[in-house]
Amino acid sequence: MGGCDALSQHIRSISRLALLSAEAEISLARLVQSGCRATGVAQEMTLRAGGVAPSLAAWAREAGMLVRRLQRYLRGANHPRSRMVLANFAWW
């Protein structure tokens, strides 16, 4: 029964999150898309290299950006995705 109580408590805590405004959802979606595009570049490079993942420098070069910008995109993509999922779950 403890598991059910923990799940109920978790769902109650999520339901307290505010829904996203249309502008916030668009902004978060753009951040997620940037991260997905960057990840897609690495996946394509890995396929072309026979399964060998590219270095961060090669990945950034292929994506047409600096390493720091690529790292920022990658870090920035996970939080917005989670925020969108939780906000939609709270509505549900």
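Residues numbered from 1 in each chain as written. Predicted model: local features only at pLDDT ≥ 70, side-chain atom pairs only at ≥ 80, totals over all residues. Heavy atoms only, no water.

*Asks:* So what's going on with the pattern of salt bridges? Residues and values would help.
*Replies:* One pass over the full model with this rule turns up 1 salt bridge. Between Arg48 and Glu62 there is a salt bridge, and its shortest N-O distance comes to 3.2 Å. Taken together, the positions of Arg48 in helix α2 (residues 22–48) and Glu62 in helix α3 (residues 56–63) put the pair 14 residues apart, joining distant regions of the chain. Using a relative accessible area of 45% as the deciding quantity, one classes Glu62 as partly exposed. (Salt bridge = Lys/Arg side-chain N within 4 Å of Asp/Glu carboxyl O. Helix = DSSP H or I, 4+ residues; strand = E, 2+ residues; numbered from the N terminus. Buried < 20%, exposed > 50% of the residue type's maximum accessible area, 1.4 Å probe, protein only.)

*Asks:* Could you give me a rundown of α3, with the residues and numbers involved?
*Replies:* Because an α-helix packs 3.6 residues into every turn, residues spaced three or four apart end up facing the same way. Those residues of α3 that sit buried are Ala58, Trp59 and Ala60. Just downstream of α3, Gly64 is the residue with a positive phi angle, here 75°.

*Asks:* Can you explain α2? Please cite residues and give values.
*Replies:* End to end, α2 covers 39 Å across 27 residues, agreeing with the expected 39 Å (1.5 Å per residue, within 8%). For α2, the set of buried residues is Leu28, Val32, Ser34, Gly35, Ala38, Ala42 and Met45. Just past α2, the residue Gly50 takes up positive phi, approximately 70°. (Expected span 1.5 Å × (residues − 1).)

*Asks:* So what's going on with the confidence of the model for the protein chain? Which residues, and what values?
*Replies:* Of the residues in the protein chain, 80% have a pLDDT of 70 or more, and the chain-wide mean is 81. At the low end of the mean pLDDT range in the protein chain sits helix α1 (residues 2–15), at 68; at the high end sits α3, at 93. (pLDDT = per-residue confidence, 0-100.)

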